[in-house]
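# Observations on the three-dimensional arrangement
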Protein chains: 2
Amino acid sequence: MDLTNVQHSPMGAHASFTLGHPGSNGGLGLGLAGPAGQNVYIAVEDAPGSGSFVALPFFATDDGDPLARFQGGEDGRTAESTGPLTALPADRVRRTLDAVTDRWTAGPLDFAVHSPLGALPEPPCPGDPDAGQRDADPELRLAVLPAVLAEFTVDNTSGTAPLRAFVGYAGSDPYSGMRHLQAPGLTGVGEGIRTAIVTDAPDARTAIGFDIPFLLGDGHSQPAGFGLGQTGLLVFEVPAGQRRTHRLAVCFHEADHVTAPERCRYLYNRYYADLDAVASAALGNFETLLARWRRAADDLGATSLSEERAWMLALAIRSYYGSSELLEDAEGRPVWVVNEGEFRMMNTLDLTVDQSFFEVRQHPWTLRNVVDRQLELYSYSDRYGISFTHDMGVANVWSPPGSSSYERPGLTDCFSYMTGEQLLNWVLAAAVYTGTGDIEWCTRRASALRDCLDSMLARDPGATGVQTVDSDRVAGGAEITTYDSLDTSLGQARSSTYMAVKGWAAYRWLERALRALGDTPAAEEARFRADRAVKTLTAAVGADGTLPALLDDPEGARIIPVVEGLALAHLTGTDIRSEPRLAAVLRDHLRAVLDSGRCRFDDGGWKLSQTSDNSWLSKIYLCQFAARALLGLPDDEDMAAADRAHAAWLRHPTESRWSWSDQMIAGVAAGSRYYPRGVTAVVWLSER
Amino acid sequence: MDLTNVQHSPMGAHASFTLGHPGSNGGLGLGLAGPAGQNVYIAVEDAPGSGSFVALPFFATDDGDPLARFQGGEDGRTAESTGPLTALPADRVRRTLDAVTDRWTAGPLDFAVHSPLGALPEPPCPGDPDAGQRDADPELRLAVLPAVLAEFTVDNTSGTAPLRAFVGYAGSDPYSGMRHLQAPGLTGVGEGIRTAIVTDAPDARTAIGFDIPFLLGDGHSQPAGFGLGQTGLLVFEVPAGQRRTHRLAVCFHEADHVTAPERCRYLYNRYYADLDAVASAALGNFETLLARWRRAADDLGATSLSEERAWMLALAIRSYYGSSELLEDAEGRPVWVVNEGEFRMMNTLDLTVDQSFFEVRQHPWTLRNVVDRQLELYSYSDRYGISFTHDMGVANVWSPPGSSSYERPGLTDCFSYMTGEQLLNWVLAAAVYTGTGDIEWCTRRASALRDCLDSMLARDPGATGVQTVDSDRVAGGAEITTYDSLDTSLGQARSSTYMAVKGWAAYRWLERALRALGDTPAAEEARFRADRAVKTLTAAVGADGTLPALLDDPEGARIIPVVEGLALAHLTGTDIRSEPRLAAVLRDHLRAVLDSGRCRFDDGGWKLSQTSDNSWLSKIYLCQFAARALLGLPDDEDMAAADRAHAAWLRHPTESRWSWSDQMIAGVAAGSRYYPRGVTAVVWLSER
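Residues numbered from 1 in each chain as written. Chains lettered and ligands numbered in written order. Predicted model: local features only at pLDDT ≥ 70, side-chain atom pairs only at ≥ 80, totals over all residues. Heavy atoms only, no water.

### Comments concerning the nonpolar core
Among the nonpolar cores identified, the biggest contains 235 residues, and Phe166(A), Phe17(B), Phe111(B), Phe152(B), Trp426(B), Trp504(B) and Leu566(B) are the most heavily contacted of them. Here the element with the most residues in this core is helix 13 (residues 497–516) of chain B; it accounts for 12 residues. Among the nonpolar cores identified, the runner-up in size contains 234 residues, and Leu120(A), Val335(A), Leu449(A) and Tyr498(A) belong to it. (Core = buried A, V, L, I, M, F, W, Y, C linked by side-chain atoms within 4.5 Å. Buried < 20%, exposed > 50% of the residue type's maximum accessible area, 1.4 Å probe, protein only. Helix = DSSP H or I, 4+ residues; strand = E, 2+ residues; numbered from the N terminus.)

### Thoughts on helix 4 (residues 275–284) of chain B
When helix 4 of chain B is considered as a whole, its buried residues turn out to be Leu275(B), Val278(B), Ala279(B), Ala281(B), Ala282(B) and Leu283(B). Those residues of helix 4 of chain B hidden inside the fold are in contact with strand 10 (147–156), strand 12 (178–183), strand 13 (186–191), strand 14 (195–199), strand 17 (242–252) and helix 5 (286–300) of chain B. (Contact = heavy atoms within 4.5 Å.)

### What about the relation of the copies chain B and chain A?
Copy one and copy two of the chain differ by a rotation about a common axis and a shift along it. Between the two copies, chain B and chain A, the superposition gives an RMSD of 0.0 Å; the rotation angle is 180° and the shift along the axis is 0.0 Å. In symmetry terms, the pair is related by a two-fold rotation axis. Distance from the rotation axis, computed per C-alpha, reaches its smallest value in chain B at Asp256(B): 2.7 Å. Both copies share a contact surface, since 100% of the interface residues of chain B are interface residues in chain A too. (Least-squares fit on C-alpha atoms with pLDDT ≥ 70 in both.)

### As for the sheet that holds strand 3 (residues 27–30) of chain B
All names here are of chain B. Strand order in this open sheet of 3 strands is 1-2-3, and the pairing throughout is antiparallel. Lying at the two open borders of the sheet, with one neighbouring strand each, are strand 1 (6–8) and strand 3. Each strand axis lies, on average, 35° off the axis of its neighbour in the sheet, ignoring direction. Inspection of the sheet shows strand 2 (residues 15–19) paired to strand 3 by 4 bridges, in the antiparallel sense. (Pairing = 2+ DSSP bridges. Axes fitted to C-alpha atoms, helices over the stretch in contact; angles between N-to-C directions.)

### A look at the interface of chain B and chain A
Each partner contributes residues to the interface: chain B has 69 residues there, and chain A has 69 residues. Carbon and sulfur atoms supply 59% of the area buried between chain B and chain A, which totals about 5,400 Å² over both sides. Scanning the region where chain B abuts chain A turns up 2 salt bridges. Notably, a salt bridge pairs Arg263(B) with Asp274(A), separated by 2.3 Å at the nearest N-O pair. For the pair chain B and chain A, the interface holds 12 residue pairs in polar contact (both at pLDDT 80 or more). Breaking the side of chain B that touches chain A down by element, the ones donating at least two residues are strand 12 and strand 27 (668–671) of chain B. Tallied by class, the residues present in the side of chain B that touches chain A amount to 30 nonpolar, 22 polar and 17 charged. (Buried area = accessible area lost by both parts, 1.4 Å probe. Salt bridge = Lys/Arg side-chain N within 4 Å of Asp/Glu carboxyl O. Polar contact = N/O pair within 3.5 Å; in protein donor to acceptor, adjacent residues only side chain to side chain. Nonpolar A, V, L, I, M, F, W, Y, C, P; charged D, E, K, R; others polar.)

Note that all results are geometric; they support no functional claim without further evidence.
Written out as structure tokens, the structure reads:
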């Protein structure tokens, strides 16, 4: 059984039912920076009437509750660390995962969690002419439902007496206690008004108590009102000779506004006033939702990928949605936010552009929503012209317009400004969105595009096609790139070949876009600089056929992501075959750094920089695509070995509790964990 | 300097700015079961321009932030555990506390926190004829304001350059980040939409960052938008030659409904829509509020008490308000809840009756509010008649009507039913409220009082005046008393002499109340049973002049709380002098168990039961009052030694982080911590 946590996440609820890693490492998390750290119980009696249970291993063995201190006094009872519950060993459980369904099977127990995938229609603004109709769209209502579904099957066909089973969790909200939910057609346990697990199984009963030994021992005869303790269970009994599948919904809700100082609330509040409404809708539409999500999983077509690739993509999709927030502002306008995983920075622009590969395929309006907000509120001008902030805030706190929560002057590494790179990222994100055919949108942004071009040109005073100056915002420091925790090989923006190819991609798209907008002189300037970038890069090839990471350090480090911009160029409509010189240089470079081992780890995984052990999976995914689909490197055993290595990093014995993570130091997740950016892997689906 | 945490708490906000215990043991807590566990910074530069600071010791020395891992990578910076901030040693700080003001003074630094005391007018229900007028009452609006005030004085009169100082905290909410607050006339730092510290000092500036070394080092030049890290500071600069007092408000807010399944929200939402509104009102009414609270402190008259007693009362009052919740239900009706400290059970009835000593003096309507709700929703009938549930729910989750979150069948100790005791508690709480002169209320409750009498009679089938049977609810177990974690000396309800005196007090009041209501036969029955109780108790006196804890175990343990009921009898209008036989028995008993040392700890503190080291301060306070004021024991050196011992328990080197605590095992807080019940000490004020 694979032991990686998966964020079983609704779309836009910043919520996850995280499960997969043993111990109290999962649970129902809403708005958190990591797994909720709760005990989750999925258990079945080991034999009818035995009173002892086996369970999936998602709980700590010492699950005492401070309230049990009530029974303390002098002869205090301490919570039993062992009890009637035994965790199943990994080798007795079979697990399968795709982008929608995560399933564990062990003997008579089968537990599957299903998470949303598929259409996310754009919610209307209150003033829109068709707002009423679109608001009533059942597809929209169901798409924003903050719940995931589960099926808990217990097989007692060979039993001669009833078999008991239960599902539940120990809440960890600091403000609320556990409670019973009861409404027509549903029974559940929840924590306060924020999370719950509910079922429509007619004979399910609920129990709340200190811990499992209590609930299976003394606690089983408790009256309905008993409510002490943080553990809540849904208990089922399957008659002899039967196999039953119990439908569950894992529900999330937050009614108040969640951001400050600008107030936004979760948009789902339009349709679901509280947890009970979410629970009803989830159970009431169980079949519809499940069928829709399974169809979306089929449509995704991940089965065309190798097993490792399909698995990484599935994991990444769920972490992406786990970080997503669909809000509406005080005027009811939709606001899409992707939080930056454990860091929770909001709509970090260097992630937005990478996630555009996924968003443009699934729900391009979210990309437009972010790109528009970035232009309207989170752009600024330095001495060279327009650029864009690193992010829009952190942990539901909006930064003042024109500033990020991240950037500070006087630095040369982490937390410095990303002025040049964010300029490219916004242009390329706008380009990706425009590729959906929304020419009207692009036309309205014509002056912004022109401003962006001017700003790019100004940062390249030598007309080399490459950014060679730093923003004055750095105030004595130096600009950095999205690779903020790497060494200068990828961390430095100025004269970076990684930036140069990304810039080339932006120029190529601007050339076409500005020409289409009728601004021929600007288009020509963009074309000229793109050509110059190619020329500059070509001229920088060293004696061994490789490109340096930094043009101003020809003998310095070699990096893989010099090819990364090709993927964005491809996505934004630039035919790589039309740029044979650049393609040849990059092909030779990439072959050389990979074949020589300079950019490989011992396990076959890709090492983005020769001089750093810090490698980023989201970026590796893009570079792999560029290598295979755009540069013609073979999808051979070396590629498969790399995939195995990368998947193994995500399956790390302890760090896989962080679900999908980006920054891997020598194969160990060390930052950017619980992270949304891995959906770059979706680009693999376009390889065929 | 005294190191006990104090819950600087608004009235009815379930919130505390907890401060006093060294380390990260205090902070801004809203809805929590204990101290927020935050670093709180109150610091002043040790010399003008030195760049190094001394601070009150309310922070941990290792205050790294996980976000600093951003800077990790391979050559990762780890957060400095030492920095430019040094905690003042306790012996350099002077501290004074009364019920309103807690003040620390050390060299040029003086920090005072002021918390509400005084009138809490009853908020109107929407339908009340004078609702509009009462809702507009500025006294009500200010009384429910969820904020405490502080004054931070920095003395730079002898300085020749500006002296810097700062105040701030590291937030711990799992869902939100720190933020800057800026509005006309106020500057502040807060966490999400729930907590903030604000000032009206015109030159204050704010800073947010990872930790103090960062904020005082690199971070000081950060741009306004920088928002990473959980530490927020308000920074002041005091010019040379000046002494400045900066006004602060520590604000709390929760807009959404907080309870389930019945939805209630904090009533202050009627007047304050958000944290900013709270902040504005607190700073805008600073002088008015402070003057009002100081006047209330004077009116309380605690200076007539010994220093130790005044200190314990002040501490207890603040913990009481820290547990209090003034809510309104979906119809806008006020709902008063006192949470049970660390256990957060709601309106636990055995606490309600003890806290009635305080509530009837400060705001009797809250007592009525609870007593009414208990009768309407949380009463039930067993085979003997009416009784009342132990509580109304836990951690903002209401129990189903007629049941508590606590009671379970089949037990003989903790978590068993308290049917008999809660019956007495409700009668006595109703009696205390009736003592305010609200005869109309009492008249409306006539049938309930009659039901209560019938239920008491039925539980005393032998007509001994004492409960001798257990409720059928215990289903084979045994009823317990509020002393649920003690041994049977106080834990058993049946045949308990503690219960007998409490029952006698209830009978005596019922006798008068029912007579006044015209129900002479019932009044006579009550009188008869009260007399029988006296007779039974008198007959139970042992050869050594003491009473056993349990009538059915004459040679068993001796306890102090057999006298406890006298305090309630006194409060409900029964003249102890009219019961000379009982008084004499109890006086002799108490003298004997105290003088013999059977009910004393080595330190002179009172040991409630001879057979248990578990002693409860709230109850000791009542028994001390009964001893001195009602039984004529002298207020001598033994009494003073006991006070010193009890205060020392609350000043325990580590457990004093729990502020006021009730259950002390051999002088160490071991349960019922962060607890509201200590306001029984207010009864001392009536000794003169």
